[in-house]
Number of protein chains: 2
Amino acid sequence: MTRYQHLAGLLAERIQTGLYLEGEKLPSVRSLSQQHGVSISTVQQAYQVLENQQLITPQPRSGYFVAHRKAPPPVPAMSRPVQRPVEVTQWDEVLTLLEARSDKEMVLFGGGAPDITQATLKPLWREMSRLAQHQVLDALNYDTLNGRRELREQIARLMLDGGIALTADEIVIASGCHPAMSLAILAVCQPGDIIAVESPSYYGTMQLLRGLDIKAIEIPTDSETGISLEALELALEQWPIKGVLLVPTCNNPLGFIMSETRKKAVLALAQRHDIVIFEDDIYGELAAEYPRPSTIKSYDIDGRVLLCSSFTKTVAPGLRVGWIAPGRYLDRVIHKKYAAIGTNVPSTQLAVAAFIRDGHYHRHVRRMRQIYQNRLETYTCWVRQYFPCDICVTRPQGGYLLWVELPETVDMVCVSRTLGRLKIQIAPGSLFSASGKYRNCLRLNCALPPNDENREVIKQLGEAIESALEA
Amino acid sequence: MTRYQHLAGLLAERIQTGLYLEGEKLPSVRSLSQQHGVSISTVQQAYQVLENQQLITPQPRSGYFVAHRKAPPPVPAMSRPVQRPVEVTQWDEVLTLLEARSDKEMVLFGGGAPDITQATLKPLWREMSRLAQHQVLDALNYDTLNGRRELREQIARLMLDGGIALTADEIVIASGCHPAMSLAILAVCQPGDIIAVESPSYYGTMQLLRGLDIKAIEIPTDSETGISLEALELALEQWPIKGVLLVPTCNNPLGFIMSETRKKAVLALAQRHDIVIFEDDIYGELAAEYPRPSTIKSYDIDGRVLLCSSFTKTVAPGLRVGWIAPGRYLDRVIHKKYAAIGTNVPSTQLAVAAFIRDGHYHRHVRRMRQIYQNRLETYTCWVRQYFPCDICVTRPQGGYLLWVELPETVDMVCVSRTLGRLKIQIAPGSLFSASGKYRNCLRLNCALPPNDENREVIKQLGEAIESALEA
């Protein structure tokens, strides 16, 4: 953590614990600088962070004051999706969202890309450069089917942090979490099968189910505690469900982390009904709490949890390095991988293996966790400031995604068309439902730097929503 | 072409046209050196090439003589596979073959890896290094779903050589020819459908069919002219076949190039029966003839040919850069790609796009074409020398794969186990059949450098086959 971040954290804590009261004048920049032995500009930067988070307000020629606090917006209530298996639709809407990526002018608040501009990524670039300069032949040759062993060994080490003790041989590399999940489902399911999912659920996963001809049954999900175990149990009693697909740690899009108790309970349910769990842990390492929360896979005793993850969110999407720990489905996953995809790019695997091995990965993730937490707070403040009053906003416990629920009358699918013309891309909530629910919701990517341009974008977004409300 | 290759070619031509007669003494090294204005060592290298190809024999203290020519071994006859749709088997055997890749001591004559050690690849390494050193963010960010535009534009240019006029928008990048073919089949077929294939057919494609639950009907195929159109027509009349999968240019494993007439005839057949053609062109640019033969796709007027290819054989496997030109199935291919795989690694796409753009690709492929032709000739000579007499050997018209048919009594599945212990990997013919036919055949990868070690390996291979014959 940098000095100003440290100082900002300290001051925020004092405000939150009531040491500085609402409306009270804060110490001057000069006095804080002397008191903490830091430069004037460090204090100014710290105050800027707090101002962004709307904890303090500047008054010209008087200094900074503790802001009057609005009550935080409520979190969204438990979702209420249709309670039967449905075919996933919404492909055209997802395609529109994806196509915005090729428009260089578009501000991409609708995607899930992480920030790849931090200096802690430099050792990764260096390693990529080294592989090319030394013409390391392994980088241009065929990979083995399971993926590079040196990488699988490093992943096995990382997985210990999530409570999972596995060998490199029990891990299969895939070109991301998405293809890993695709292999997991191919290994377990047949076309026509039913999988239970959280609702809302990430649109990529939804389209994956559609592509594989799998029906989805959407289960009510709470934005703070996760999937409703009662509703899941009811569904399991009623339908021939093959597995449940969960993002239990730093959920996409809701940001919750299921408690250990609930993770164990969902596994017990899976055991009782003899189904599998597809566990998507892609944001798991970006949990605000440290050490990171345990995975469902860590409690798995009979190989029924297929854990999928990748370095897409923690390091960089362009690596296309993900993995699957498929438990008892290892052989089937390997066959499906050979049949459908073949081997992966070795150079990015080699680079990221060295990045972890030399300790750079942990340093980088530690930094990104902090950055994303700050950004989530800042964007939450901006949403409160610029959006209409009667909204619900999630309080993500990790990752960098924010989910906003607007009044029922707002149709974000329409609003997103208007925004597209303003070169602003957001993800309308309907993409996160098999049947197009949540049209009054949106997901925001808070990995984008909270600078003036992006503050302006959030303001424009708020205005577009206000117009939609009035229309 | 280097000087010694040029000289070797010249001398080979004189021998083949009868200018130098069998048993005749060839000019001394010194006189050739003076005559052609090249160094002594250049002449020695040229003679070494001719000796490897068994065109000449050295006699100690007398010089080189034109070798006495054995009649070349016959080519394999038209194959006779089972004439009904079958489920593909042989996965365990393929897995054994693949697992040999991770054994560093194994000599990999069974795989399909190209030679990636030539100096003409240096500009590719340089570009990879440049991308990393300049921290080009596009290299670590999400790719667009279709793949990098700059690469698709270069591929569109290359495809003109195969007679295909397409825009970049009609091309979709995939992580190799294999996943491209997987997407092609997913876009057209349902589980349980039937696809007609050449017999023998590449084992990777066979397992792809199995992985997608597609049945294969194997069509008799001639090692010089390709798939039997008569047999294909009969099959089309008899079975509800969805498409035919062909490797018409530099076939894997047989090495033939279908004539233009036959390519047009198979397309006409596809039109008449309203089926699609899956055209695998992965070795197409390595045809011995130049300019390269046209693709079936180049005659396609109604978008029923899905052409798949990659830079795996022409540049390097580790790039994992392939593509598909899916004709009328473009939208379906894009959806299937998103659902099953997602986006690809951008860094290798950017590197290969620059490699083509700057003219290095053409230079490299020109060189590799020549090298592989020489190596095919050399390995063919060694096979004639060290294998039993009554064999059939293909005469590949491009690529670098050789197919050898041994007497019926030899079981190459057994022999390959013996060879495995000697750290020699070969591909037994049975992998190239849905139902395990061709156990008396093998495929050899002649991209391996024809040095003394590899000559010794071919000798050991011949000995193992001889023992199997005697047993």
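So, how was this worked out
- Residues numbered from 1 in each chain as written.
- Chains lettered and ligands numbered in written order.
- Predicted model: local features only at pLDDT ≥ 70, side-chain atom pairs only at ≥ 80, totals over all residues.
- Heavy atoms only, no water.
- Contact = heavy atoms within 4.5 Å.
- Buried area = accessible area lost by both parts, 1.4 Å probe.
- Salt bridge = Lys/Arg side-chain N within 4 Å of Asp/Glu carboxyl O.
- Helix = DSSP H or I, 4+ residues; strand = E, 2+ residues; numbered from the N terminus.
- Buried < 20%, exposed > 50% of the residue type's maximum accessible area, 1.4 Å probe, protein only.
- Least-squares fit on C-alpha atoms with pLDDT ≥ 70 in both.

- An unreviewed UniProt entry lists chain A under the name PLP-dependent aminotransferase family protein, from Kosakonia calanthes.

**Structural notes on the interface of chain B and chain A**
Frequently, the measure chosen for interface size is the accessible area that the parts lose on association.
Here's step 1: With 65 residues of chain B at the interface, the matching set in chain A holds 65 residues.
Here's step 2: Around 5300 Å² of area is buried between chain B and chain A when both sides are counted, 65% of it from carbon and sulfur atoms.
Here's step 3: For chain B, the biggest contributors to the area lost against chain A are W125, L140 and Y142 of chain B; these three give 17% of the whole.
Here's step 4: Between chain B and chain A we count 2 salt bridges in total.

**Some points on the side chain of S416 of chain B**
Residue and element names in this part refer to chain B.
Here's step 1: Here S416 is to be found in helix 14 (residues 412–421).
Here's step 2: Here S416 falls in the buried class, since its relative accessible area comes to 17%.
Here's step 3: Residues in contact with S416, not counting those within four places in the same chain, are I426 and P428.

**Focus on the pattern of salt bridges**
Residues and elements named next belong to chain B.
Here's step 1: What the rule picks out here adds up to 38 salt bridges over all chains.
Here's step 2: D138 is the salt-bridge partner of R148, the closest N and O atoms lying 3.2 Å from each other. With R148 in the loop between helix 5 (122–133) and helix 6 (149–161) and D138 in the loop between helix 5 and helix 6, this pair connects stretches of sequence that are 10 residues apart.
Here's step 3: Looking at R148, the relative accessible area reads 12%, which means it is buried.
Here's step 4: The exposure class assigned to D138 is partly exposed, which follows from its relative accessible area of 26%.

**Brief notes about the relation of the copies chain B and chain A**
Here's step 1: Take chain B, turn it by 180 degrees, move it 0.1 Å along the axis, and it overlays chain A with an RMSD of 0.1 Å. The symmetry that links the two subunits is that of a two-fold axis. Identified as the residue of chain B closest to the rotation axis by C-alpha distance is S129 of chain B, at 2.4 Å.
Here's step 2: When the interface residues of chain B are mapped onto chain A, 100% of them are again interface residues, pointing to one common binding face.

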